[in-house]
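# Understanding the architecture of this molecule
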Amino acid sequence: MNNRKSTAVPVINIQGQNCTGCATSTLCTQYPAIKNVLLQDIVPGFKLDFIFHPNIMTASGNLAMEILENAAKEKGYVLIIDGAIPTGDNGIYCVTGEKDGKKYTMLEETVRLAPDALAVIALGTCAAFGGIAAGNPNPTGAQSVGDIFLTHDIKTPLINIPGCPPHPDWLFGTIEEMLTKGLGNVELDDFRRPKTFYGKLIHENCPNRAYFDEGKFAKKLGDEGCLYELGCKGPITYADCPKRQWNGRTNWVIGSGAPCSGCTSPEYPDLLGDFYHRIIDVEVPVNEKRPKVQKK
Amino acid sequence: MKKIVIHPITRIEGHLKVEATVDNGEIKDANISGTMFRGIEIMLEGRDPRDAVMITQRICGVCPEPHAMASVGAVDQYAGLDSKIPPNGTLMRNLILGTRSISDHILHFYILSGLDYVDPAAVMKYSGSDQDLNILKYFLQQGYSRPFLPRDEIDYKFDTETTNAVVSHYIKAMDIYRKAQQAATIFGGKWPHDASIVSGGVSQQLTVDRITEFIWRLEQIVDFVKNYYVPDVIAVAKAYKEYLEIGKGCRRLLAYDSYKTISDESRGDTLFKGGLVNDIDTYSEIDISRITEDVTHSWYKDKEPLYPGEEKTEPMAGKESGYSWVKSPRYDGKVYEVGPLAGVLSTYLGKGDPYIKNMVDNALSEIGGNISNLYSVAGRHLCRALSANILADQLVGWAQQLKAGEPTAVEYDPPADGEGIGLCAAPRGALGHWLKVKDGRISNYQVITPTAWNASPKDKDGQPGPYEQALIGLKVRESQSPIEILRVIRSFDPCTACAVHMVTVKGNLIGKYKVV
């Protein structure tokens, strides 16, 4: 981009009870592409410097743990956490590494690294809200990053980027906002999600909205119409999927004829009901020409 | 005797630890541990069976699509739909799984394993016109080096020219990975965690322009597989020749049938033929009822090994004899390796398809090896690349069989009770899902993943798992994290989140046991 060496922003990414889907989603970022993110300025003047990322770094084992330890001493990094943090049995359900005979749990790593970070980004619904890892009956006592902040009195600024997976634009767009507007000027909603990406309901921008308004509902997958009856959680889910779309705008969930599962919500996956069953607390406009929607 | 512990093993999926006992530079014993546990199946109890297709994808975000495929296979069977899926549905499922598998193999060879064989920090002196290399060079000139450095000692063997070429492909692979996922998303809805794979078929409707778009997007991916990926793997096998002998493993292979074909009778019923391979090249049919899971050294309550459909697991974090969250799947009580090596050899030996036979034979003659050399670090990489090549040759044909405007799914109208099994070839090998339904809700769910087979700990007879067998006898350099160990482990393409998830839905009380 320019010839002057820009400001390096150290980034540490640690992983708890994850599926690595947050990383594979991030890897598919298009503008900037991941090679741009790794090698070039993400916005003019700022370069992300990936100190620690388990999926891309060369070092393993002791050396990897040493890199993390040194970074923790130097402070002033952005900490990205994906995956939930198990707290049951002292966090034994996720051991992230070992150095000189000492094992580190994800819980210990979070408590060690989060207080000295410039900001913490909880990436994906597991880190932001517990998500799949904390799904009922939550066998391992999995908690979100925010939960750990509360129980351990950590005051570092926290931004949640939920989604299962999160869209890569939601992560890098938020980092771009942080760097250009300043961390304090990134507007967040009540669940600490950036309003730029999570400010509107799926429903508000859905191309099937007209079908919903006129009461034309698909009865089975493949039918024309709104997918509300087939379990779409779009009416209660905040994300910009309908406008942004996915994977270089090739498609998105509702575009592929499938109902939204509400994956950016704190209630995902337990409190939204079955994926293919209708949510019941939304007012449905009455269409006199059609039979009334039966409540279960 | 000294002990080497490598934890974390980076550039894999998930949380994995290796502990090796070394004497005189040679590994005498090895313990492989999966160190993260979630208990995904617990969540499935009482849910709508269709939800399993969505939730089991979250077992793994690197390879969610095979979980969707195995799960939807199990749900289709339970719902009595497995023979009723419209051709469009079967083809789209193949195209999603096939395209994403290719991208997964590319991810594994370049992004995950690549840095074991090629040094991005060595392009400082590059003077050509490749844009990606010049960007990397400028990055290095400014004093940046992370995440490539620091690192433990690695014996890089490529000359400057090959290094530049392969590093440039390493960067290009990041673009190809994204592009392949975008192509498959035309049918799958989003990556990762496809939305459109549903019991009865696929929810995505088909139009001619979407099919054509897919075929055009595929062109670049196929080109990369044939002109970059396969040649680069062969270059590694030639430059690192000792790795055609290193990391042999248990030398027993297991694979499932995968990718149903629609009309191309010459290829048989599935593209990849499942089976067992023993004694290097002896093929036999597989009987999945002989699969059991052993928990002797896993953190679960002790019991006799059981068939996955019958398995009831009780986690026990403090178990003294345990050292991993991964269980030990066994076939006839014996250790088997799964993965593209198994899938390709089982098809090569069991199907007699001249096209696949020639492809394997040609690759072997180019690297100067024979079938026994496939049981090795380089052999695993090669079979993974050949597997991608087989898929790359097939996908366009499948896409051309799609019929725009015709049905993609049949209606889901399941019985109250039933069972189903779904098997498929995941990028990392044989994957199976076992489903039981009562009163329309899931009553039992079991998954045996490829990495559970490969990363399994020792069993009741003391037989080490495939990773462990591949490490025992390995000569290693003086290092905290010897590169030889990492090359062997990464050649299997570990996916630990997949391997550790298995808990049956009944009677688990995690947290009941005191943890040391």
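Residue numbers run consecutively from 1 along every chain, following the written order of its sequence. Naming scheme: in the order in which they are written, chains are lettered from A and ligands are numbered from 1. Only residues with pLDDT of at least 70 get local features here, since the model is predicted, and only at 80 or more are side-chain atom pairs given and counted; chain-wide, interface and lining totals rely on the full set of residues. Think of the side-chain values as coming from all heavy atoms in the structure, minus any hydrogens and water.

Residues and elements named next belong to chain A. Strand pairing requires that DSSP identify at least two bridges connecting the strands. To qualify as a helix, a DSSP run of H or I must reach at least 4 residues; to qualify as a strand, a run of E must reach at least 2; elements of each kind are numbered from the N terminus. Spatially, the six strands line up as an open sheet ordered 2-3-1-4-8-10, and their pairing is mixed. Looking at the sheet topology across the chains shown, the edges are occupied by strand 2 (41-43) and strand 10 (158-161). Neighbour-to-neighbour, the strand axes of this sheet turn through a mean angle of 30°, independent of strand direction. Inspection of the sheet shows strand 2 paired to strand 3 (residues 46-52) by two bridges, in the antiparallel sense. Bridging from a neighbouring strand, Asp41 pairs with Lys47 of strand 3. Working rule for contacts: check all heavy atoms of both residues, and any pair within 4.5 Å makes them a contact. Each axis is a line fitted through C-alpha atoms, taken for helices only over the stretch in contact, and angles between the N-to-C directions span 0 to 180 degrees. Contacts from helix 4 (residues 106-113) reach strand 1 (7-15) and strand 4 (78-82), with the element oriented near 155° to strand 1.

If charged atoms from side chains of opposite charge come close, those side chains can pair. Basic side-chain nitrogens of Lys or Arg form a salt bridge, by our definition, when they fall within 4 Å of a carboxyl oxygen of Asp or Glu. Applying the stated criterion to the full structure yields 57 salt bridges over all chains. Where Asp169(A) meets Arg244(A), a salt bridge forms, and the shortest distance between an N and an O atom there is 2.9 Å. With a gap of 75 residues between them, Asp169(A) in helix 7 (residues 168-181) and Arg244(A) in helix 11 (residues 241-244) connect regions that are remote in the sequence. Residue class for Arg244(A) comes out partly exposed when judged on its relative accessible area of 21%. The salt bridge partner of Arg47(B) is Asp51(B), with a shortest N-O separation of 2.9 Å. With respect to class, Arg47(B) is no different from Asp51(B); both count as buried. Bridged by salt links that share partners, the residues Glu153(B), Asp155(B), Lys157(B), Glu242(B), Arg477(B), Glu484(B) and Arg487(B) form one connected network. Residue burial is assigned from relative accessible area. The probe radius is 1.4 Å, only protein chains are included, and a residue is buried under 20% of its type maximum, exposed over 50%, and partly exposed in between.

This paragraph deals with the packing of aromatic side chains. The rule is short: rings of Phe, Tyr and Trp, with Trp giving its six-membered ring, pair when the centres are within 6.5 Å, and they are stacked under 30 degrees, edge-to-face over 60, tilted in between. Overall, the coordinates contain 30 aromatic pairs over all chains when judged by the stated rule. Aromatic side chains Phe139(B) and Tyr144(B) sit 5.6 Å apart centroid to centroid with 20° between the ring planes, which places their arrangement in the stacked category. Residue classification places Phe139(B) among the buried positions, given a relative accessible area of 0%. Overall, the relative accessible area of 4% leaves Tyr144(B) in the buried class. Counting as a charge over the ring demands two things of the Lys NZ or Arg CZ atom: a distance within 6 Å of the ring centre and an angle within 35 degrees of the ring normal. The aromatic ring of Phe275(A) is capped on one face by Arg47(B), whose charged end is 5.2 Å from the ring centroid.

The next point concerns the confidence of the model for chain A. Per-residue confidence from the predictor is given as pLDDT, running between 0 and 100. Predicted confidence across chain A gives a mean pLDDT of 92, with 93% of residues reaching 70 or more. Segment residues 287-296 of chain A is flagged for pLDDT under 50; beyond a separation of four residues in sequence, or across chains, it makes 16 contacts in the model.

Taken together, the contact pairs 82 residues of chain A with 88 residues of chain B. Buried area: the accessible area, evaluated with a 1.4 Å probe, that two parts lose upon being put together, summed over both parts. Looking at the side of chain A facing chain B, the largest losses of area belong to Leu39(A), Thr58(A) and Tyr276(A), adding up to 10% of the total buried there. At the junction of chain A with chain B, the criterion picks out six salt bridges. For Lys17(B), the salt bridge identified is with Glu98(A), shortest N-O distance 3.0 Å. Any pair of nitrogen or oxygen atoms within 3.5 Å is treated as a polar contact; in protein, a donor-acceptor pairing is required on top of that, and neighbouring residues in sequence qualify only through side-chain atoms on both sides. The interface formed by chain A and chain B includes 43 residue pairs in polar contact (both at pLDDT 80 or more). Of all elements in the fold, only strand 1, helix 1 (21-27), helix 2 (34-39), strand 3, helix 3 (61-74) and strand 6 (95-99) of chain A reach the threshold of two or more residues within the side of chain A that touches chain B. Here the term charged refers only to Asp, Glu, Lys and Arg, the term nonpolar to Ala, Val, Leu, Ile, Met, Phe, Trp, Tyr, Cys and Pro, and the term polar to all other amino acids, Gly among them. The class makeup of the residues in the side of chain A that touches chain B is 37 nonpolar, 34 polar and eleven charged.

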